Amino acid sequence: MGVLEAIGEHVREHRSGMLVDLAFAVIWVTVVTLLFDLLAGPQWAYYLTMGAGVLAYYGFFWSLAAARDDDEAAD
C-alpha cells in the first residue's frame, strides 16, 4: 500500500470527524479574529485566545461525549 492509498483510506474512514474538526477550527479562528479586530486587543491576548482554542476543542467534544454517555445510561 502506497502513501497516497494510505492517506485516502484514512480520509475515507474519518471523513465526518475531519469535517467537524475543520469547521470548529474555522469558526474559532473567525470569531477570535473578528473579536480582536473590533476590540483592538493586545497581540499577546490574541495569541493566548487562539491557543485556548485547543482547550476549547477538547473540552467541547469531551463534554459532548459525556452528555451522550449520560443519555445512553438514562435509557
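Just so it is clear, the model here is predicted, and its values are computed rather than measured.

Asker: Quick question: what am I supposed to make of helix α2 (residues 15–39) here?
Answerer: The α-helix winds at 3.6 residues per turn, so residues separated by three or four positions along the chain end up facing the same way. For α2, built from 25 residues, the straight-helix expectation of 36 Å at 1.5 Å per residue is met to within 8% by its first-to-last C-alpha distance of 36 Å. Within the sequence span of α2, burial applies to Phe24, Val32 and Phe36.

Asker: Help me understand the packing of α2 against helix α3 (residues 43–74) in this model?
Answerer: Two quantities define a packed helix pair, namely the angle between the axes and the distance from one axis to the other. At their nearest, the axes of α2 and α3 sit 10 Å apart, and the two run at 145 degrees to each other. α3 is crossed by α2, and the crossing has right-handed handedness. Taken together, the residues of α3 that come into contact with α2 (itself represented by Val20, Asp21, Phe24, Trp28, Val29, Val32, Thr33 and Phe36) are Ala45, Tyr46, Thr49, Met50, Ala52, Gly53, Ala56, Tyr57, Phe60 and Phe61.

Asker: Would you mind showing me how to read α3 here?
Answerer: Compared with the 46 Å implied by 1.5 Å per residue over 32 residues, the 46 Å span of α3 between its first and last C-alpha is a close match. Most pronounced at Val54, the bend in α3 amounts to some 25 degrees. Restricting attention to buried positions, one finds in α3 the residues Ala45, Met50, Gly53 and Tyr57. Buried positions along α3 lie against α2.

Asker: Explain the confidence of the model for the protein chain here, please?
Answerer: Note that predicted coordinates carrying low pLDDT should not be read in detail. Predicted confidence across the protein chain gives a mean pLDDT of 88, with 99% of residues reaching 70 or more. Within the protein chain, α2 carries the highest mean pLDDT (91), whereas helix α1 (residues 3–13) carries the lowest (84).

Asker: How do you make sense of the packing of aromatic side chains when you look at a structure like this?
Answerer: Enumeration over the complete set of coordinates arrives at nine aromatic pairs. Ring centres of Phe24 and Trp28 lie 6.2 Å apart, and the angle between their planes is 10 degrees; on these two criteria the pair is classed as stacked. Highlighted residues: Phe24 and Trp28, both in helix α2, separated by four residues, approximately one helical turn. Overall, the relative accessible area of 28% leaves Trp28 in the partly exposed class.

Asker: Help me out: how do you make sense of unusual backbone geometry in this one?
Answerer: Glycine aside, residues mostly have negative phi, and peptide bonds are mostly found in the trans state. Positive phi, normally seen in glycine, also occurs at Ala40, with a value near 50 degrees. With a relative accessible area of 64%, Ala40 lands in the exposed category.

Reading guide: rules and limits
- Residues numbered from 1 in each chain as written.
- Predicted model: local features only at pLDDT ≥ 70, side-chain atom pairs only at ≥ 80, totals over all residues.
- Heavy atoms only, no water.
- Helix = DSSP H or I, 4+ residues; strand = E, 2+ residues; numbered from the N terminus.
- Expected span 1.5 Å × (residues − 1).
- Buried < 20%, exposed > 50% of the residue type's maximum accessible area, 1.4 Å probe, protein only.
- Axes fitted to C-alpha atoms, helices over the stretch in contact; angles between N-to-C directions.
- Left-handed = near helix turned anticlockwise from the far one by under 90°.
- Contact = heavy atoms within 4.5 Å.
- Bend = angle between axes of the 7 residues up to and from the residue.
- pLDDT = per-residue confidence, 0-100.
- Phe/Tyr/Trp six-rings, centres within 6.5 Å; stacked < 30°, edge-to-face > 60°.

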